[in-house]
Amino acid sequence: MSIFFVDQDISQARTLHTDFYNNPDVFEFTRERIFGPSWQYTGDAGLLREPGHCHPFTFMEQFLEEPLVLTKDQESVIRCLSNVCTHRGAIIVNEPCKLSQLRCRYHGRVFRLNGRFQSMPEFKEVQNFPASQDNLTELPLFRWGSMLFTSLQTGNNHLPYFRDMMERVSWMPLDEFVYRPELTKHYFIKANWALYCENYLEGFHIPFVHAGLNAVIDYGNYTTELFPWSSLQLGMAKEEDDCFDLPPSSPDYGKKVAAYYFYVFPNMMFNFYPWGLSINIVKPLTIGTCKVTFLTYVWKDKLYNTGAGSNLHTVEMEDEAVVEAVQKGVRSRFYGHGRYSVTREQGTHHFHRMLSTLLQDYAG
């Protein structure tokens, strides 16, 4: 049995073994196994307003470091392509710009905005050229509202990760959600990325850690729902003023919902509040550090920074303090596993089960 086995029965299960947080070999194993095929936020469609706009970015910077580029062709189709020239590996697009074609500045190889090879000087004598491998690899691109997501695994289907969330909030007019880049915040945390996710995935700590949030959330009616590759924590409001005005088409119609806290494996959190959406993205940096980015989409300006979606920086500081303390604790020789609260830690148990499944081939 794998050292990372987590029993599917939460009442019997022990938490993930601490080697996951402390063993460098495990950290390297998870780099490709967990994050290589994952879906990640790549930016907002507003980055590519007109045909010809190109936006280079790095998929999981300082971790996987894969150079990619978003392009918008003359038919206004947005694509996600490899940003590495198929000749000698040079980076093609170095900064946001508007182009009619992609030209490598190293030796002049040219690609169309859809990634197809177009021309190359001094290559007339090369046999069996061009071939399919001379095109830029196109990666799957999923658009939800104006949010763009991609995966390094070609042919990867986004639905197992996003479908349950999309169906639950299908009544929300996401096209009205406006990305506010000036509200973006970055936090550098001295803890393993998974410890941050574990903390997010349970409301058990709210009465003990978040006095302000606990004042507006009805902890007694806080619930968790599990899906194949995601989960939902449903936060109920204590006061009518702090909840969604839900339409009859919502499956939660009649409830005083203050917040939808959706988690999408392995590292994205979508927090829907009556004012809009805060996306939290957790990126591993080292085995004991991670970067958390808060992205803001505002739906209703007048409600911004109210209810459960208020003082998010304060809540983050409170979370950081406990997560960094746990990082110190999981290094202890006297701690190997813990147990789960059956009523309050279903989300964390579900997260550990997903990790356990992907780690079953680890033979370190």
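Note that the structure is a prediction, hence the values are computed from the model and not measured.

Chemist: Explain the pairing of strand E16 (residues 257-264) here, please?
Modeler: Look at any regular strand and the pattern is simple: side chains alternate between the two faces of the sheet. Burial analysis of E16 places eight of its eight residues in the buried class, the great majority of the element. Taken together, the seven bridges between strand E15 (residues 230-236) and E16 define a ladder with antiparallel strand orientation. What sits directly across from methionine 236, in E16, is valine 257. In terms of strand pairing, E16 meets strand E17 (residues 268-273) through five bridges, oriented antiparallel. Across the sheet, tyrosine 260 pairs through a bridge with phenylalanine 272, a residue of E17. Count of turn residues in the E16/E17 antiparallel hairpin: three residues.

Chemist: Help me understand the sheet that holds strand E2 (residues 53-59) in this model?
Modeler: The strands making up a sheet associate through hydrogen bonds between their backbones, and the pairing can be parallel or antiparallel. Read from one edge to the other, the open sheet built from five strands follows the order E5-E2-E3-E4-E9, with strand pairing classed as antiparallel. What marks the edges here is a single partner per strand, and that holds for strand E5 (97-98) and strand E9 (138-139). As paired strands, E2 and E5 are joined by two bridges and run antiparallel to one another. From the neighbouring strand, histidine 53 faces E5, where its bridge partner is lysine 98.

Chemist: Even after reading the chapter, I still don't get the packing of helix H4 (residues 193-200) against helix H8 (residues 346-358), so can you show me in this structure?
Modeler: Any two packed helices are characterised by the angle at which their axes cross and by the distance between the axes. At a minimum axis separation of 8 Å, H4 and H8 run at an interaxial angle of 145 degrees. Counting all contacts with H4, which are made through Trp193, Ala194, Cys197 and Glu198, the residues of H8 involved are Thr348, Phe351, His352 and Leu355. For the contact of H4 with H8, the per-class residue count stands at five nonpolar, two polar and one charged.

Chemist: Looking at this model, I keep getting lost on helix H2 (residues 24-35). Mind explaining?
Modeler: In this model H2 runs 16 Å from its N-terminal to its C-terminal C-alpha over 12 residues, within 8% of the 16 Å that 1.5 Å per residue would give. Close packing links the buried residues of H2 with helix H1 (19-22), strand E1 (39-44), E2, H4, strand E18 (276-286) and H8.

Chemist: Would you mind showing me how to read the domain arrangement of the protein here?
Modeler: Where interface size is given, it is often the accessible area lost as the parts come together that is meant. By domain assignment, the protein separates into domain 1 (40-155) and domain 2 (160-359). Summarising the inter-unit geometry, the C-alpha centres of domain 1 and domain 2 are found 33 Å apart. Residue-level contacts link 13 residues of domain 1 with 21 residues of domain 2. For domain 1, the biggest contributors to the area lost against domain 2 are Gln40, Tyr41 and Trp144; these three give 40% of the whole. Counting every contact that joins domain 1 to domain 2 gives three residue pairs in polar contact (both at pLDDT 80 or more). Secondary-structure elements contributing two or more residues to the side of domain 1 that touches domain 2 are E1, strand E10 (141-144) and strand E11 (147-151). Among the elements that line the side of domain 1 that touches domain 2, the one with the most residues is E1, at three residues. Classifying every residue of the side of domain 1 that touches domain 2 gives seven nonpolar, four polar and two charged.

Parameters and conventions
Residues numbered from 1 in each chain as written. Predicted model: local features only at pLDDT ≥ 70, side-chain atom pairs only at ≥ 80, totals over all residues. Heavy atoms only, no water. Buried < 20%, exposed > 50% of the residue type's maximum accessible area, 1.4 Å probe, protein only. Helix = DSSP H or I, 4+ residues; strand = E, 2+ residues; numbered from the N terminus. Pairing = 2+ DSSP bridges. Axes fitted to C-alpha atoms, helices over the stretch in contact; angles between N-to-C directions. Contact = heavy atoms within 4.5 Å. Nonpolar A, V, L, I, M, F, W, Y, C, P; charged D, E, K, R; others polar. Expected span 1.5 Å × (residues − 1). Domains from an automatic or database assignment. Buried area = accessible area lost by both parts, 1.4 Å probe. Polar contact = N/O pair within 3.5 Å; in protein donor to acceptor, adjacent residues only side chain to side chain.

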